[in-house]
Amino acid sequence: DTPNYLLGAFGHLHCVNVATGEVIWMRHLGRDFSAEVPTWGFSVSPLRAGNALIINPGSKDASIAALDARTGATLWQSPGGPAAYAAFTLAQPGGTRQLVGFDADSVGGWNPANGQRLWKLIPDESGDFNVPAALPLGDRLVLASENNGARMHRWDRSGRLQAKPLRSNPLMTPDTCTPVHLDGRIYAAGLGSLVCLDAEELRTIWSHEEDVFDSHASMIVGNRRVLIQTVAGELILLDAEAGSFAPVSRLKPFPDTETWSNPALTPGRLFLRTQDEIVCLRLD
């Protein structure tokens, strides 16, 4: 009976028991926090952090907020900027546990216990939509966006992110694709290219230009494989150890529609949702 949390694009947040269909509690980000619906809707999945559920209404008094995961009651709210579209994540650099995520103009860290903002970093180039999530790698944080490329920053001993990047790579420019990490490599797609970088130096291992990577792509990594779903509805499976773009297989189950939703993987099954239907593929 583990509760599940569902957030709609217009701010409707439900805690439900999916086994029975029971709605345990409901909140509304716009009504309850005086928040305006972002241009592309409320897009950040709620993040469970212990007994708290982290959300980002994006209002002046509640840029981000924490709800009691069991009851939906507000635990704290942190003032700040309008909402972005990137998922929040938990990191613990130097023993300082923190939420890492974005508002419309910056990336930052917050204390998950009380919502205090610990640090703020504004990129050199403005105009990023802040859709790709930040990627924590131990004492380092990798950021990648359409206007600023890939950057690797280091946290100091107090858990604050150092403003000057250790390394950067302008080839990785995802506008909506969150970078993924596997076996010392980082992958991301955007603006017509799929790029593979070395996770230590941000050195380009390979890059591949193709129209299918011009827009959104979703990625799942594991077992020495990278599974990519493109907006065009194509599935591309890569060998994560290869020295170039050499797909193990390509499959296009949806020839005439778009797939913006992330795929869901369970043992032996892959669930895909288009604008018209949901499909389950059986995996060997």
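Read on for a plain summary of the structure.

About the criteria used
Residues numbered from 1 in each chain as written. Predicted model: local features only at pLDDT ≥ 70, side-chain atom pairs only at ≥ 80, totals over all residues. Heavy atoms only, no water. Pairing = 2+ DSSP bridges. Helix = DSSP H or I, 4+ residues; strand = E, 2+ residues; numbered from the N terminus. Axes fitted to C-alpha atoms, helices over the stretch in contact; angles between N-to-C directions.

1. Concerning the pairing of strand S2 (residues 12-17)
And step 1. Bridge analysis of strand S1 (residues 4-7) against S2 gives 4 bridges, and the strand direction is antiparallel. Within S2, the position partnered with Leu 6 by the bridge is His 14.
And step 2. In this structure, the hairpin formed by S1 and S2 is closed by a connection of 4 residues, where Gly 11 is found at a positive phi of approximately 100 degrees.
And step 3. Here 6 bridges tie S2 to strand S3 (residues 22-28), and the two strands are oriented antiparallel to one another. Looking at S3, one finds that Asn 17 is bridged to Glu 22.

2. A look at the sheet that holds strand S14 (residues 149-154)
And step 1. A sheet is described by the order of its strands in space; here 4 strands give the open sequence S12-S13-S14-S15, paired in antiparallel fashion. With one partner strand each, in any of the chains shown, strand S12 (135-137) and strand S15 (167-169) form the two edges of the open sheet. Each neighbouring strand pair of the sheet contributes to a mean axis angle of 20 degrees, computed without reference to strand direction.
And step 2. Alignment of S12 against strand S13 (residues 140-145), held across 3 bridges, turns out to be antiparallel. Following the sheet pairing, Pro 136 is matched in S13 by Leu 141.

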